[in-house]
Amino acid sequence: MEEEFEESHRTVPKPKGMADPEARRWEYLRYILYRPGPWVPEEATQGTEAVKFLERMKVLVIGAGGLGCEILKNLALSGFKDIHVIDMDTIDVSNLNRQFLFRQADVGKYKAEVAAKFVMNRVKGVSIEAYCGKIQDKDESYYKQFNIIVCGLDSVEARRWINATLVDMVDLEDGDSIKPLVDGGTEGFKGQTRVIIPSFTACIECQLELNAPRAAVPLCTLATIPRQPQHCIEWAHIIAWEEERKGDTLDTDDPEHITWLYQKAAKRAAEFNITGVTYSMTQGVVKNIIPAIASTNAIIAASCCNEAFKIATAMNPSLGAPAEGENNYMMYSGDDGVYTYTYSYEKKEDCPVCGITAKKIEVDGEMYLRNFMDLLAEMPDAQLKKPTIRTEGQSLYYQAPASLEEATRHNLSKKLSELLSSGDEVAVSDPAYTIDFRFQLIFK
Amino acid sequence: MPGTTPPVLEGAPTDKQKKYDRQLRLWAASGQQALEEAHVLLINAGPGAAGVETLKNLILPGIGKCTIHDDCKVQDADLGVNFFLEQSNIGGSRGDFLKNNLQELNPDVDVNWIWDPLEDLLAKHDALKPYTLIIVVPPVHPNSLSKISQHCQATDTPLIYLHSVGFYSHFTMQLPYAFPIVDTHPDPETTTDLRLLKPWPELSALVEQKTRGLEAMDNEDHGHVPYVLLLLHYIEVWKLSHDGKPPQTYKEKNEFKQLVSAEGRFSQPEGEENYEQAIAAVLKNFNYPEPSSAVKEVFKSPECQNITVSSANFWIIANAISQFYGTNGVLPLPGSVPDMKAKSADYIQLQTVYKEKARSDVATVLGLVRDLEQELGRPQPIEEREVEAFCKNAAHIKLVRGRPLQVIRPGENVEWGVQAKSAVNKLSDPDSLIGLYIAFLAYDVFCANHSSHGIGARAHEPTEDGVDLDWNSEEMAETMYKIIDVLIKESGRTLEEDELEEIKSRSSKFVAEIVRAAGGELHNIAALTGGLVAQEAIKIITKQYVPVDNTCLFDGVFSKTSVIRV
C-alpha cells in the first residue's frame, strides 16, 4: 500500500533554494534543467549540476548584426554566462529596423561593443566580451577556448573561413577540439538554421552549392547591349566609374558616389529607352543589398540558440546530434504560410575542407587556363575568386608574389591539355581561405 | 568653401526611407503605409515573453500604434525570460515597464498600456473598436476569449491566439471569413507568362518582322534574335507539318526542341546563347495559360458572383476579370518579359509589345469595372492603379477563408465541423503536429480548471521540496484523449485499436513535455514564436504574401513546424 502511494504520487524535484532571487529569476529555465522529458536521455545530467555546466559554457557569437543582436539576447536569457562576440562593422541607420540593441544615437559606433554593453546591462550576471575586428585576426589558440560557436553572418566568405578553421582544429583524440558550429542566415521572409559538428556532419563547404552566386551579366551586354535597368547600373558601376573617376575609390556608403552612379545609369537607360532605374535600385545593385526584417531574424536566431542550448545541456536532442542520419538543417520560408523542411544534409567525401578525396570535375581539355580560373569563380561548389593553381610537380599560376605571377602568367593562355593530362589533380589556394582545394580534372 | 551648399542629391532617400530601406525592398511604400495605419492590441498574460517579442518585431519596422493589455506585477521569474524588463522593475506594473522599454525601440511608434481587468475591459461598449489586429496570449478565461473572438468575427478584425510553453508553441489565426490577397509575392520563377501558344496579332507581326530571312542572317544578327521570337517562329514552322497544331505532348515538345536545336549555329566559338535559351524555355512555357484552382475558387465564390453596391473593391475587380476570362479564355496578360540574349532595341521592342497588350487588357477590365460600378450605383470609382495591380497578378491571387477560433471550455467539446475528417487523417500521420495542437487545447482546459495552482498558474508559490507533476500529466492526458475520441466520432471514421493507441501514446509525449515546463516559457521558443506571429501580423496588415491558414505549430525538440486548418 505504502509503496503504491509513493509510486503514484511521485514528486519531481523543484529547483532548490527558491528563496534565492537568482533561482526564482531562472525558474522557468530550471524546470527544464531539473525535470526529465520524454526525449531527454536518461544519462543526461540534470539539476544543479546541469545549471553549473551551462554556466561554465563559453560561447562565441560571430556577428552582432540582425541575427547577432537576437543571438546575444537569446543566449543571455538561456542561462549562458560567458559569451564573446566578434564583429568588425559599425552601426548604420539602415540597421535600426531590426538590430534592436542599437539606437539612432549609436550610429557610427562599433556593433559588437554597443550590443555587448546593452545585453550585459539588461541581463544581470552575464559577461559578454566584445571584439571589434575581423574573425581572421584571431587564430586557433583563440577559437580553442570556446565550447560552441554561433554564427549570424551575411558573408559566405567569412562562413567558409571559420568553418575551415574549425574543421582544421579537430583532433579526434581530443573531444574538446570539436567545436559545434550553429549557423543561421536570412533573406526577406526566408532563412535557415544548420548545425555543423566539424568532421562528423556536413560542413559549410559541403553545403556551398546552397549559396550559389548570382550569374554575372556578361561584360559585352553591359558595354554594348543593355536591356535591363540593372545592366545600366552595372555599367555605371563597373565601366563608367573606372573611365571617368579613375583614382577615386568608390565608397558605396557615400551618397555622392551613389548619386553619381544613379545619374550615369539613368542617362544611359534613357539612351536605350530602358525604364526603371531608381536611386534605391542603384544602391541595391551596387551594394548587393539583401532585404532583412526583424521577424525573420528573430525566428532564425532563436532557432540557432535553441539548438545551442540543446547541444550545451542535452535537455532534448539537437540538430546535428551524432546519431547517424540525424537532421542537421532546417530551412524556413514564410512567404506562403509557414513552411519548414528539416533534413539531413549529407557530408561529402570530396569536400575540400572535411572530405578525404579530391573533387572530380569534368572540363574541356581545350579550355584555356584563364577560362578555367573563371570557372573556379563561378562554380557553385568552388567560388574561388583569386585562385593560385598548382599540381604536384609544377606551378600553373600564382596570384602573388609579383615575380611568381609574372613567371606563371604565360600559362594563362595555354590550354589545359597542354599543361595537364586527364585525371591529374590540381591544388587551388585562395587568399580568402586557409586551406587548399583539391580538384581532379577529367577531360570531356 | 564657405557659403557653398552641398550638391542636391537627386532621388536620394529620405531619413525614413534610409531607416526602413531593408524592409521597403520587400513590402514597398504601400505595405509600409498599411503598417503605419495599424493599431495592434496585445492581451498579455502568463510569462508573456512571446507576446512581447511579437510586439518588438512589429515596433521595429514601424507599426503605427500598439497597446499592451497586461495587469500583472513584475516578478523575479519575468527577468529570466523577458528581455524588456529589468531588476528595478520588480513589484511594479509589468505593462507599464514593457511599454517604456518597447517604446525606446522606435520613436515613430505610439506604444500604450492598459491595465483594467480583462473582464471589465470587455464589458465596456466598443472597448475593442480601436484595434485593427488583436493578439491574445493565455491563460485567459474561456468567456473572455469567446467575447474577443465574437467581436473579431463581427467586425472582420483579425485575431491571433498563441501559446508558448517549454519547447513548444502554437498559434491560430482567426481571419475574416473572406480574406483575399492580390499581392501574394509569388516566386518570380513562376510568374513568367509568355503566351507562346496564344500569341496576339501584334506579337505575331513582330515575329514575322524579326525572323524574316532568319537562315540568311549573318552570325551577329542570328545570334541576337530574342528567344521568344525564335520559339514563336518555329512553332509556325512546326504547325506546317502537324495539322496546324503546336507541340503539345511531352514527346512532341522534345521533338520540337530538336527542330530548334538543328537550326542553332552552335559550332561557332561563342555558341548561340539565344538558341540555348529557346530550347531551355520550351518545357516551361508551352502551356495554355490555365488559371490555377485558387483563382477559379475566387471566381466561383458567392462574393464574386453576387457583387453589391458595398462589395469590397477586390470582388468588383474579380468579377470583371472573371468576365474577361469568360470572353477571352485567358486572364489579363501580366506583361513582363524576362531578360534574354538580344540587342537592346529588339528587346525593348518585344517588351513594348507585351506591355501594350497588358495595358490594353487592363483597359478592357477597367471598362468592365466601370460598367459594374454604374450598374450597382457605387459612389466611389475604384482607382485605375488598383485594377492594374490586380490584372498584373491575376494568376496568383488568393482567397483565404477565415474560420472561428476553437474556444474550449472545461466539460465541453470543441467542434471540428468540415475539418474533422482531415484532422483525423493528420492524427494518423506521425509527421503532423496536430497532436500538439490538441495537447494545447487540453492545456487550456487544465488552466481553466486550475486557475490558481498547477501548470497554468503564473503566480503559484514555488516550494523547495518539489511539486507533484504526475497528476498534471494524467489530468491533461485524460482531457486530450477525450478530445481525440470526440474528434474521431465527429469525423465518422473508425480507427483500429492499435492505431488509436499509437496516436494517444504519441500525443501523451507532447503532454509530458508541456507539463515539464510547468507553464513556463523558454526564451528561445518565445522569441521564435514572436518572430512567426509578427511575420503573420505583417502579412495580414499589409495584405501582401500569404498568411498561415490557420494554425501553425512549432516543435522545438525536433525543430519542425506543421500548418493545419482547424
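Residues numbered from 1 in each chain as written. Chains lettered and ligands numbered in written order. Predicted model: local features only at pLDDT ≥ 70, side-chain atom pairs only at ≥ 80, totals over all residues.

1. Description of the overall build of chain B
Then step 1. Counting its regular elements, chain B contains 22 helices and 10 strands.
Then step 2. Dimensions of chain B, computed from the C-alpha atoms along their principal axes, are close to 95 × 85 × 60 Å.
Then step 3. With 566 residues in all, chain B has 46% of them scored as buried.
Then step 4. Nonlocal contacts in chain B, meaning residues at least 24 apart in sequence, comprise 73% of its contacts between residues at least 6 apart. (Helix = DSSP H or I, 4+ residues; strand = E, 2+ residues; numbered from the N terminus. Buried ≥ 20, exposed ≤ 12 C-beta atoms within 10 Å, placed from the backbone. Contact = placed C-beta atoms within 7 Å.)

2. Points about the sheet that holds strand 10 (residues 388–390) of chain A
All names here are of chain A.
Then step 1. Here five strands make up an open sheet; going across it, the order is 9-13-12-10-11 and the pairing mixed. In this open sheet, the two strands that pair with only one neighbour each are strand 9 (359–363) and strand 11 (395–397). Direction aside, the axes of adjacent strands within the sheet are offset by 35° on average. (Pairing = 2+ DSSP bridges. Axes fitted to C-alpha atoms, helices over the stretch in contact; angles between N-to-C directions.)

3. Quick look at the environment of Gly271 of chain B
All names here are of chain B.
Then step 1. Following the sequence through the fold, Gly271 ends up in the loop between helix 11 (250–263) and helix 12 (273–285).
Then step 2. Sequence separation between Gly271 and Gly223 is 48 residues, and the spatial gap between their C-alpha atoms is 8.5 Å.
Then step 3. Aside from chain neighbours lying at most four places away, what touches Gly271 is Phe266 and Glu276.

4. What about the interface of chain B and chain A?
Then step 1. Contact with chain B, which involves 78 residues of that partner, is made by 78 residues of chain A.
Then step 2. When residues of the side of chain B that touches chain A are traced back to their parent elements, those giving at least two are helix 1 (15–19), helix 2 (21–36), helix 3 (49–59), helix 4 (76–79), helix 16 (344–376), helix 21 (497–516), helix 22 (523–542) and strand 10 (560–564) of chain B.
Then step 3. For the side of chain B that touches chain A, the per-class residue count stands at 38 nonpolar, 19 polar and 21 charged. (Nonpolar A, V, L, I, M, F, W, Y, C, P; charged D, E, K, R; others polar.)

5. Thoughts on unusual backbone geometry
Glycine aside, residues mostly have negative phi angles, and peptide bonds mostly take the trans form.
Then step 1. Backbone torsion omega between Pro138 of chain B and Pro139 of chain B reads 5°, so that peptide bond is classified as cis.
Then step 2. The residue Pro139 of chain B is located in the loop between strand 4 (133–136) and helix 7 (142–155) in this model.
Then step 3. Positive phi is not limited to glycine here, since Asn273 of chain A has a value of about 60°.
Then step 4. Looking at Asn273 of chain A, the number of C-beta atoms within 10 Å reads 13, which means it is partly exposed.

6. Things to note about the domain arrangement of chain A
Residues and elements named next belong to chain A.
Then step 1. Along its sequence, chain A is carved into domain 1 (2–35), domain 2 (51–212 + 291–343), domain 3 (219–287) and domain 4 (359–443).
Then step 2. For domain 2 versus domain 4, the separation of C-alpha centres amounts to 34 Å.
Then step 3. At the interface, nine residues of domain 2 touch seven residues of domain 4.
Then step 4. Here the side of domain 2 that touches domain 4 is built from residues that sort into four nonpolar, one polar and four charged. (Domains from an automatic or database assignment.)

7. Topic: the domain arrangement of chain B
All names here are of chain B.
Then step 1. Per the domain assignment, the segments making up chain B are domain 1 (20–179 + 524–564), domain 2 (194–285), domain 3 (293–400) and domain 4 (417–518).
Then step 2. Taking the mean C-alpha position of each, domain 1 and domain 3 sit 35 Å from one another.
Then step 3. Class assignment of the residues belonging to the side of domain 1 that touches domain 3 gives a composition of five nonpolar, no polar and one charged.

8. Things to note about the pairing of strand 3 (residues 127–131) of chain A
Residue and element names in this part refer to chain A.
Then step 1. As judged from the five bridges shared by strand 2 (residues 82–86) and strand 3, these two strands associate in the parallel manner. The residue bridging Ile86 from the neighbouring strand is Tyr131, located in strand 3.
Then step 2. As a crossover connection, the stretch from strand 2 through helix 6 (residues 111–122) into strand 3 is right-handed. (Right-handed = clockwise from strand over helix to strand, strands pointing away.)

9. Here we look at the sheet that holds strand 3 (residues 110–114) of chain B
All names here are of chain B.
Then step 1. What the eight strands build is an open sheet, ordered 3-2-1-4-5-6-9-10; its pairing is mixed. Every interior strand has two partners, whereas the edge strands, strand 3 and strand 10, have only one. This sheet shows a mean twist of 15° between the axes of neighbouring strands, independent of strand direction.
Then step 2. Running over the sheet, helix 5 (residues 94–103) touches strand 2 (65–69) and strand 3 and is turned about 175° from strand 3.

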